[in-house]
Each structure stands twice: as structure tokens, then as C-alpha cells.
Amino acid sequence: MSTLFTGPLPLIRPGAGTDGGKPKGPSVVALGGGHGLAASLSALRLLTTELTAVVTVADDGGSSGRLRADFGVLPPGDLRMALAALCDDTDWGRTWRDVMQHRFRSPAGTSGLDNHAMGNLLIVTLWELLGDVVDGLRWAGALLGARGQVLPMSRVPLTIEGDVVVTGGGAHGGPARVETIRGQAACAVAGRLEDVRLEPDDAPACPETLSAIELADWVVLGPGSWYTSVLPHLLLPQLRQALVDTPARRCLTMNLAVDTKETTGMSAADHLRAIQRVAPGFRVDAVIADHASVADRAEFERVAGELGAQVLFDRVRSSGRRPVHDALRLAGAYHEVFTGGGTPAAGR
């Protein structure tokens, strides 16, 4: 890491989030992207200080997409959101979290800064100054007092390509055809995806990410957009192999809303089948699902069993109208899984 302009990396104050200087809780690696990963991190940070977020790097929309295109960097948006979810729970941490999440809005919408997130600009600045993706994220984490580290799944910007079945036009409709959609932003709104791929398909996984997975006690995958935030971790060959080979136990967190644009018509069990399809060797120890989000529990448990998993049905949804995970409830479910507490009564 270059220290010519920056000096040595500052450390979080001694004892922060620890008991007598010793880490609390299991070593956990959480994989995903966007709001889904932020939800799992907000829960997991309540259980452990040994936490690593592994983030997708295929976003090509909004501020992230513009910075990616203009500077040839990793899209910083999902990395920024993960850092914000891990910020220190003090005035300092919360203030810098709000700074990182701030978006510029020009009155006429014509400014070059319009809709850019401040944190995205800060992260790209650190990357240019330090010349290293992981070092830049560590500095950003130090600024926020992050309770854990944030890593990209790859140091190479990735592109998602997906197939959508499109019916013909006309009064009676024509024959269905498969249309290929390119880019994460387009795939997320194109309709039900039948298949997704990453380009380049042989991109290397981030070495620090592979090490974290190898040393983890638990690996947590999901929630998040299934085809564009969750499955990409299993599409990158080196990362998929690390997730198959790790001695860590594996927990899959299901989405609260299974019928999204990219998963139109899919059941909760179909989500599990998508994982079987893209990573046949990937095994799961536990699946967490909200009791109200799975219509056919018997089928869901059967497919989960094919993955090697036991299902924990619990109430992990927020009390509001939006399908959002409640951090405390989800933390309770993770604690149940991590400590082997068994399956709670449905609808607890």
C-alpha cells in the first residue's frame, strides 16, 4: 500500500466492539450486494465483530455505472452500501455513514455531479490515490469505524448477461424466443431470467476474499436480487470452488418477496433450484426463511434437503408494509442457526 500521500492506515480505537480485546462471535463472511447484503450485515454485526462482506461488482447503472464507464473502476455503489451498514454506532460513524450515502441533486438536473453518491466519489478517490482496491476500502472502513471489512468478489469489473423468454407480438402472440439481455441494470427489470452468465467468465476472484472464506466459521449467502446479486457469487469459478471447498458452514437467507421482476412466477423452492442448477456441488447447512414468504413449505423443505440444509422458518420481516428484513429478528435467526438451537416454532 502506498503511504507517500496518506501515511499508515489508521486503526479503529482499541477495544471497540470487543471484550477485553478479544473478538466476539464467530468469523462470518456474508456475500451479496445492494440492499440485501446491507440487511444481512445489519443483523450479523449484532452477533460478531469478525465480519467480512463480499460484494458483487457487476453494477452498471446509476452513479456506479457512470463512474465505472468513465474511470474503468469497479462499480463502488454496493461496496459503499456494505460499508455504511457496518459503520460504527457512534455519532462519528453515523455522521460519516450519512456523508457516504449523500446524493447530489442539482435543481436543474444538469450538473455532472447530479445523482452521484458522495461515498462513491470518495471510494474512487481512495482507489486512485492508493492504487489498490482493497486498501482503498480499508481506508474508507477506517473512516466509518466499520465493524468488519468489505471486499469485492473480484478486482475486475464484471458484466452480467441473462436470457429472457419473450413472446411474440400480435393479437394472438407469436412464437416465444429467447432474448439475451446485457448488463445488471437491464437484467434486473427485463422480466424472468432463465439463465445468467458473467463476463469475463474466467475472471479471478479477489485473493483476500478467497482467504476470508477459507478461514470463516460461517458463510452467509443472500438475501438480495437472486440472479443479479446472489447467484453471481456462484458463477465466478474460483469463488464458487472456494464456497464448495470451505470448511465453514453455510447459511442461505431467503428473500421476503420471491416474485420480483427477475424471478417472475418463481416459487421459493424454484430459488433453491436455481442454486442447484448453477452450482451443483454447493451444499448448504441451513436456510432461513420468513414463515409468511413460503407458500408450499413441504416442497421448499424437500428441495432444501437436496442441498443438505435444514430450514429455519421464523418471523424475520419488519412490521412495516415494505418487504424489509428486521435487523433484530434476523439477528435472532442467525444466532439460532449459529448456535445449533434447532428450528423454532413456525411463526414465532
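Okay, so let's go over this structure. (Residues numbered from 1 in each chain as written. Predicted model: local features only at pLDDT ≥ 70, side-chain atom pairs only at ≥ 80, totals over all residues. Heavy atoms only, no water.)

1. Topic: the side chain of R80
Relative to the elements of secondary structure, R80 occurs in helix α3 (residues 77-85). Comment: no salt bridge for buried R80; closest opposite-charge side chain is D78, at 7.1 Å. Residue contacts for R80: discarding those within four places in its chain leaves M100, Q101, R103, A117, G119, N120 and I123. (Helix = DSSP H or I, 4+ residues; strand = E, 2+ residues; numbered from the N terminus. Buried < 20%, exposed > 50% of the residue type's maximum accessible area, 1.4 Å probe, protein only. Lys, Arg positive; Asp, Glu negative; His and termini not counted. Salt bridge = Lys/Arg side-chain N within 4 Å of Asp/Glu carboxyl O. Contact = heavy atoms within 4.5 Å.)

2. Focus: the packing of helix α1 (residues 34-44) against α3
Helices that pack against each other are described as a pair by the angle of their axes relative to one another and the distance between those axes. Packing of α1 against α3 leaves a shortest axis separation of 9 Å and a crossing angle of 20°. Considering their axes alone, α1 and α3 lie roughly parallel with respect to each other. As α1 packs across α3, the resulting crossing turns out to be right-handed. The segment α1 lies against α3, with G34, H35, L37, A38, L41 and S42 engaging D78, M81, A82 and A85. (Axes fitted to C-alpha atoms, helices over the stretch in contact; angles between N-to-C directions. Parallel < 35°, antiparallel > 145°, perpendicular 65-115°, else oblique. Left-handed = near helix turned anticlockwise from the far one by under 90°.)

3. Remarks on the layout of surface pockets
For the largest pocket, the calculated volume is near 1100 Å³. If you go around the largest pocket, you meet 42 residues; those closest to its centre are G33, G34, H35, G36 and S225. Contributions of two or more residues to the lining of the largest pocket are made by α1, α2 (62-71), α3, α7 (184-189) and α9 (226-230). Per-element accounting of the lining of the largest pocket gives the leading share, 6 residues, to α1. Class assignment of the residues belonging to the lining of the largest pocket gives a composition of 13 nonpolar, 22 polar and 7 charged. (1 Å grid on protein atoms, 1.4 Å probe; cavity = no way out; pocket = protein on both sides within 12 Å on 5 of 7 lines; lining within 4 Å. Points joined across faces, edges and corners; volume = space filled by probe spheres on them. Nonpolar A, V, L, I, M, F, W, Y, C, P; charged D, E, K, R; others polar.)

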